[in-house]
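Residue-level structural notes
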Amino acid sequence: MKQLIAGLRRGTEAVAAAMLAALFFVFLVQIAARYLFNVPMGWTVEVCLTLWLWLVFWGGGLCLRASDHIRFDLLYLSVNRPTQRIFGAIAALIILIAFAASFLPTVDYVWFYKIKRSNTLGIRLHYVFGIYLLFMIAIMVRYGNVLLNFLRRKEDIQGQIIGYARHDEGAIK
Amino acid sequence: MSQAFGLALLVLGGLAAIGAPIALSMVTAAVFYLFLAGQDMSLASEQFIQAVYDSTLLLAVPLFIAAANIMNVGAISDRLLEFCKAMVGRFKGGMAQVDILVSLIFSGMSGSAVADAAGVGQVTIKMMLKTGHYTPGFAGAVVAASATIGPIIPPSIPMVLYALVSNTSIGYLFLGGVVPGLMMTLALMAMTSVIAHRRGIPAEEAVPLRQIPGVTLRAMPALMLPVILLGGIYGGATTPTEAAAVAALYALVVSALWYRSLSLKSLYGVFVDSARSSASVGLVIGSALIFNYVVAAERIPETLSQFMVSLDLSRGGFLAFTMVLFLFLGFFLDATTIILVVIPLFLPTAMALGIDPVHFGVVSVVNCMIGLITPPYGILLFVVNGTTGIPIKAIVRESVPFLIALLLSLVAIALFPELVLWLPRLFGYEG
Amino acid sequence: QDKPVLRLSSVNSATDQRAVALETVFGPAIKDFATFQPTWGGTLFKQGTELEAISRGNLEMSIASAQELSNFFPEFSVFSAGYLHRDAAHQVAVFNDPLMQPFKDKAEAELGVKLLTVMYLGRRQVNLNSDKEIKTPADMAGFKLRMPPSDAWQFLGKSLGANPVPVPFAELYTALQTGAVDGQDNPLPTVMDAKFYEVTKQIVLTSHLVDLNYLTLSKKVWDGLSPENQAKLQKAADDAAEFGRQNQLKKEDELVEGLKAKGLKIYEPDLGAFRSTVQKAYLDSDFSKAWPADIVDKINALAK
Ligand code: NA
Ligand code: NA
């Protein structure tokens, strides 16, 4: 099970890295086509925006560790670990409620876009925006798990936020 | 303002305070608002998705993050560090001064503060920490504060937005930002110097003069980066946004071919890390824009402007009031929202009182940029936290003196319009 | 019964002639039976997402372009084709002609959006930062012309003989200044408002697109009004559009002199050459495959 999760994580990271590399490459193609060859291309902007959308929600849902999320840690970092865990559980519960409550309306929203095509490539937009549903599911699984671990009194190392210390080994991520 | 809005703010504040991820707190609070206001709950998702899908100007952010990470792994940062040490290391707090100078140089090529902090800021934070004389919080605070200069020195996306809503010349606005930008730079450097002396941040070991040519030569490819980017933009090869991709390509080529310090494996690691940072920064920026909808739906801007009219202020009073108001709104709102939604409500009054639109614009943009480093919603704090992991708590504590330096600059340019208008007038502005 | 609130979301600023017309003419005229509540600057809904917001019941009104509608219904691209409408009056004639009915019906049936009236945006002109005199589309060869980022717009740029580039509007001024692009196309008021005259040298009066918007309303809201109020609202919309149209036409006329005074060279090219090249490009393109048969002839016949 642990191995499977580690393997999946490597896989999702590889996909995110590939999306960023593609974004980089398409940007370079866009500049070269316009400046070096004077044959500007219209499709590059849309491809970049689509890749960016997917990178944010794919990465945000599947690749971010708890500590990678940007959070306002003023209060959190000044309380002891048991209190932090209670904070974490309350936050998880509220987030879970909101995401669950808005999930079906969001499915309906994304599905609506089957009748609209994107500006340049003419892709049906429910394919493009569908990534957000994956993001929502990933968040619900993540925070459902945090809540379960709390109820089972299991220490959740994943959920611990320790701030800068983890970078002391060397490279800032 | 409705009850639903009040409760949503409570949920947002509460969640953020107990350390829930900012992006998820925003979505959650918005969903609560929509539920209580009896609106379609998919609107939170709608606004989030469209904010990210619409962010053409933010496409520079992931590329600047990647460029900075390549520079870190590929020894470019190390060579730059060596060079900076040789140049200003002999002064107290030298490395922090270097960051502020580098920010000034980079502000000439990027139009966005976020891009500055995500890119060059990451590199200089690492440099400061390597010396061992700076706390992570201080390093983060210097970088966040100096990134606010980016959109004051041209080119500048916020100035363009102001020009669009105010019917003012972009060219003169750009010129109007130059002196205030330099003033902010000097104010930050002076404050750094004061702190360095008080804390006794030591100077680095002085590098013997005869070594300097060698150090410079080794750092040359890295030092050329700003030259290449500026040349690219002002030579018409790239837009300021596209310059980010050129920066990443250049860092890649120099690391791989010149310094030969970039393996395929480490390159893969760079892309994974950059993708992760980009996602966390993208989530925060996109989710914050959900609240543009909520604020507009609650018709907050209209309420505010009616209140303004009821106050019946003098010219100085008006200027003071708007500055305090924009600072206050800057705690919670994104700079773009303030410029596009709030400022237009005050422009007619400003014009009627005889306030120069270029002066008002530059002062307002400086004001909004200060809002980028004020908690709870300070996008530069989030970006530094997202790209380096330095706790926001630490950054906020250390950024107080820099905030004071920036506020003093703001007061100076608000009181003395000549500081803003001198340069535009030199180029023919009749205002 | 409460008066319905008509929320409108649009990306243009509050000083835009469309905003002024709606706030001064439309809003007051319907205030007895509905509350008009506009939001400018695109803060409620992003540009290009208003139609789906209306369709999903989250918004009541918008100012929609033909390009936007063509993302749902490709046949709308005919109204974004170059050199189709001759002038502002021609737009009105086309909109009120029976040929428009199938378009209106489709938007109502499939999106729940009623096209109330047609608004005049202005004649788009080519605005270059080069000195080279432009007579025919052939003279445009090699020019990097900024066009809005969508397929329909890029095609229009290409049909003018230029190399179209999609640059975000917020970056356009800098791109013109540095020469990342050689020019852009917009109606004269935009050249003035966005200060493009500061960084460009000439305007070629190609009038390649007589640009329009549709004022839209939720079908559900419309159906909820009494026939009498429907008629009042329709008249208010038409009056507001007419008011905005006259203002914009006046502004365009004045701006030829106004922009000359700013030092720009302004002249008319060989319009016949432009018209025939552009029209042919459209008829040979994939766009025209989605157009109803004979529609171009019918539209031409309505020109005075
Ligand atoms: Na700048
Ligand atoms: Na703030």
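See the structure shown above.
Below is a summary of the structure that appears in this document. The structure presented is a predicted model; accordingly, all values stated were derived computationally and were not measured. (Residues numbered from 1 in each chain as written. Chains lettered and ligands numbered in written order. Predicted model: local features only at pLDDT ≥ 70, side-chain atom pairs only at ≥ 80, totals over all residues. Heavy atoms only, no water.)

1. Overview of the packing of aromatic side chains
Counted under the stated rule, the structure contains 34 aromatic pairs over all chains. Look at Phe57(A) and Tyr132(A): their rings are 4.9 Å apart centre to centre, the planes differ by 90°, and that puts the pair in the edge-to-face class. A residue pair is termed long-range when its members are at least 10 positions apart, and Phe57(A) in helix α2 (residues 43–63) and Tyr132(A) in helix α5 (residues 131–151) qualify at 75 residues. A relative accessible area of 1% means that Phe57(A) is categorised as buried. A ring pair is formed by Tyr109(A) and Tyr113(A), whose centres lie 5.2 Å apart and whose planes are at 80°; its orientation type is edge-to-face. Judged by its relative accessible area of 0%, Tyr113(A) falls in the buried class. Among the aromatic residues, those joined into a ring-pair cluster are Phe72(C), Phe73(C), Phe76(C), Phe79(C), Phe95(C), Phe103(C) and Tyr214(C). Positioned over the ring face of Phe95(C) is Lys104(C), at 4.1 Å from the centre of the ring. Taking NZ or CZ as reference, Lys114(C) lies 4.5 Å from the ring centre of Trp222(C), over its face. (Phe/Tyr/Trp six-rings, centres within 6.5 Å; stacked < 30°, edge-to-face > 60°. Helix = DSSP H or I, 4+ residues; strand = E, 2+ residues; numbered from the N terminus. Buried < 20%, exposed > 50% of the residue type's maximum accessible area, 1.4 Å probe, protein only. Lys NZ or Arg CZ within 6 Å of the ring centre and 35° of its normal.)

2. Focus on the nonpolar core
In terms of nonpolar packing, the biggest core is built from 299 residues, with Phe57(A), Phe129(A), Phe360(B), Phe79(C) and Tyr214(C) touching the most fellow members. The residues that make up this core include at least three from each of domain 1 (1–64) and domain 2 (69–162) of chain A. In this structure Phe129(A) touches Leu53(A), Tyr109(A), Val110(A), Tyr113(A), Ile49(B), Gln50(B) and Tyr53(B), once residues within four positions along its chain are discounted. Within the second largest apolar cluster, 24 residues are counted, among which are Ala34(C), Ile63(C), Leu225(C) and Ala237(C). (Core = buried A, V, L, I, M, F, W, Y, C linked by side-chain atoms within 4.5 Å. Domains from an automatic or database assignment. Contact = heavy atoms within 4.5 Å.)

3. Things to note about the interface of chain C and chain B
Counting residues at the interface gives 25 residues for chain C, matched by 34 residues for chain B. Surface buried jointly by chain C and chain B totals about 2600 Å² across both partners, of which 60% is contributed by carbon and sulfur atoms. When the buried area of chain C at its contact with chain B is split by residue, Thr43(C), Lys46(C) and Glu171(C) rank highest and sum to 22% of it. Here Arg56(C) and Asp40(B) are joined by a salt bridge, their closest N and O atoms 3.4 Å apart. Linking chain C with chain B are five residue pairs in polar contact (both at pLDDT 80 or more). Only β2 (35–39) and α7 (169–178) of chain C provide two or more residues apiece to the side of chain C that touches chain B. With seven residues, α7(C) is the single largest residue contributor to the side of chain C that touches chain B. (Buried area = accessible area lost by both parts, 1.4 Å probe. Salt bridge = Lys/Arg side-chain N within 4 Å of Asp/Glu carboxyl O. Polar contact = N/O pair within 3.5 Å; in protein donor to acceptor, adjacent residues only side chain to side chain.)

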